[in-house]
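Architecture at a glance
Chain residues, written in single-letter form:
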Amino acid sequence: MAKKSVIARNIKRKEMSQKYASLRVWLKSQIKRASNLSTRLRLHALVQSLPKNSSPTRTESRCQVTGRPKAVYRDFGVSRHVFRELANEGLLPGVVKSSW
């Protein structure tokens, strides 16, 4: 189980990225449409002035059960350990253990 502070920090990052998402998209579209360099640099400085944690790339995909940050399947939202346990118990629909 991951530390609760790390999980809470990731949740805070997700909320912050959602809060600034529309502003970030608008600024980036303005940068693409800007014709002269000075305007682009000014707009780029505005994007850089946004909080670091408002960037969506700073959020991690974590396991919903354990909070593990690595080896998380996007389709199910759980790590490989939990995925294996749930698949063996038959709790994941459409997942079958392969046999050789």
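Scoring rules and cut-offs
Residue numbers restart at each chain and count upward from 1, following the sequence in its written direction. Note on the predicted model: pLDDT of at least 70 is required for a residue's local features to be given, and 80 or more for side-chain atom pairs to be given and counted; whole-chain, interface and lining totals, by contrast, use all residues. Think of the side-chain values as coming from all heavy atoms in the structure, minus any hydrogens and water. Secondary structure elements are defined from DSSP: runs of H or I of at least 4 residues count as helices, runs of E of at least 2 residues count as strands, and each element is numbered from the N terminus. The globule rule used for comparison is 2.2 Å times the number of residues to the exponent 0.38, while the radius of gyration itself is calculated over C-alpha atoms. Each residue is placed in one exposure class: buried if its accessible area under a 1.4 Å probe, protein chains only, is under 20% of its type's maximum, exposed if it is over 50%, and partly exposed if it falls in between. Any pair of residues with heavy atoms lying within 4.5 Å of one another is described as a contacting pair. In this tally, Asp and Glu contribute negative charge and Lys and Arg positive charge; neither His nor the terminal groups of the chain are included. Charged side chains are reduced to one point each, which is NZ for Lys, CZ for Arg, CG for Asp and CD for Glu. Each residue after the first adds 1.5 Å to the expected span of a helix. Only the stretch in contact is used when fitting a helix axis, every axis being a line fitted to C-alpha atoms; angles between N-to-C directions are given from 0 to 180 degrees. Here is the rule for angles: anything less than 35 degrees is roughly parallel, anything more than 145 is roughly antiparallel, 65 through 115 is roughly perpendicular, and the remaining ranges are oblique. With the far helix as reference, a near helix turned anticlockwise by less than a right angle produces a left-handed crossing, and one turned clockwise produces a right-handed crossing. Classification used: nonpolar for Ala, Val, Leu, Ile, Met, Phe, Trp, Tyr, Cys and Pro, charged for Asp, Glu, Lys and Arg, polar for all others including Gly. For the domain bounds, the source is a domain assignment made automatically or taken from a database. We define buried area as the total accessible area lost by two parts upon association, computed with a 1.4 Å probe and summed across both. Any carboxyl oxygen of Asp or Glu within 4 Å of a side-chain nitrogen of Lys or Arg constitutes a salt bridge here. The arc under discussion is defined with respect to the helix axis, by the directions toward the C-beta atoms.

A few words on the overall build of the protein. When you go through the protein residue by residue, the secondary structure sums to four helices and two strands. Reading the protein from its N end, one meets helices and strands in the order α-α-α-β-β-α. Taken against the 2.2 N^0.38 rule, which gives 13 Å for 100 residues, the C-alpha radius of gyration of the protein at 20 Å runs more than 25% over that of a compact globule. Along the three orthogonal principal directions, the C-alpha set of the protein runs to about 60 × 35 × 20 Å. Across the 100 residues of the protein, 22% fall into the buried class. A sequence separation of at least 24 residues applies to 38% of the contacts in the protein between residues at least 6 apart. Between the mean site of the 22 positive side-chain charges and the mean site of the 5 negative ones, the protein shows a separation of 15 Å.

Attention now moves to helix 1 (residues 4-19). Think of an α-helix as turning once every 3.6 residues; residues three or four places apart then point the same way. For helix 1, spanning 16 residues, the distance from its first C-alpha to its last is 23 Å, which sits close to the expected 22 Å at 1.5 Å a residue. Where helix 1 is buried, its residues contact helix 2 (21-33).

Moving on to the packing of helix 2 against helix 3 (residues 37-49). The geometry of helix 2 relative to helix 3 is characterised by a closest axis approach of 9 Å and an angle of 165° between their N-to-C directions. Relative to helix 3, the element helix 2 is oriented roughly antiparallel. In this structure, the crossing between helix 2 and helix 3 has a hand that is left-handed. Along the contact surface, helix 2 presents Arg24, Leu27, Gln30, Ile31 and Lys32, while helix 3 presents Arg40, Leu43, His44, Leu46 and Val47. Split into classes, the residues belonging to the contact of helix 2 with helix 3 amount to five nonpolar, two polar and three charged.

This paragraph deals with the domain arrangement of the protein. Buried accessible area, meaning the area lost when the parts come together, often serves as the stated size of an interface. Segmenting the protein into domains produces domain 1 (1-58) and domain 2 (61-93). Here domain 1 and domain 2 have C-alpha centroids that lie 29 Å from each other. Taken together, the five residues of domain 1 in the interface contact four residues of domain 2. Interface area for domain 1 against domain 2, summed over the two sides, is near 370 Å², with a carbon-plus-sulfur share of 55%. Contact with domain 2 buries area across many residues of domain 1, yet Met1, Ala2 and Asn10 alone supply 65% of it, more than any other trio. At the surface where domain 1 touches domain 2, the tally comes to zero salt bridges.

Right, let's get into helix 2. With 13 residues, helix 2 extends 19 Å between its outermost C-alpha atoms, agreeing within 8% with the 18 Å of an ideal straight helix rising 1.5 Å per residue. Within the sequence span of helix 2, burial applies to Arg24, Leu27 and Gln30. Down the axis, helix 2 shows its buried residues gathered within 130° of arc, on one side only. Within helix 2, the exposed residues directed more than 90 degrees away from the buried face are Ser22, Val25, Lys32 and Arg33. Buried residues belonging to helix 2 abut helix 3.

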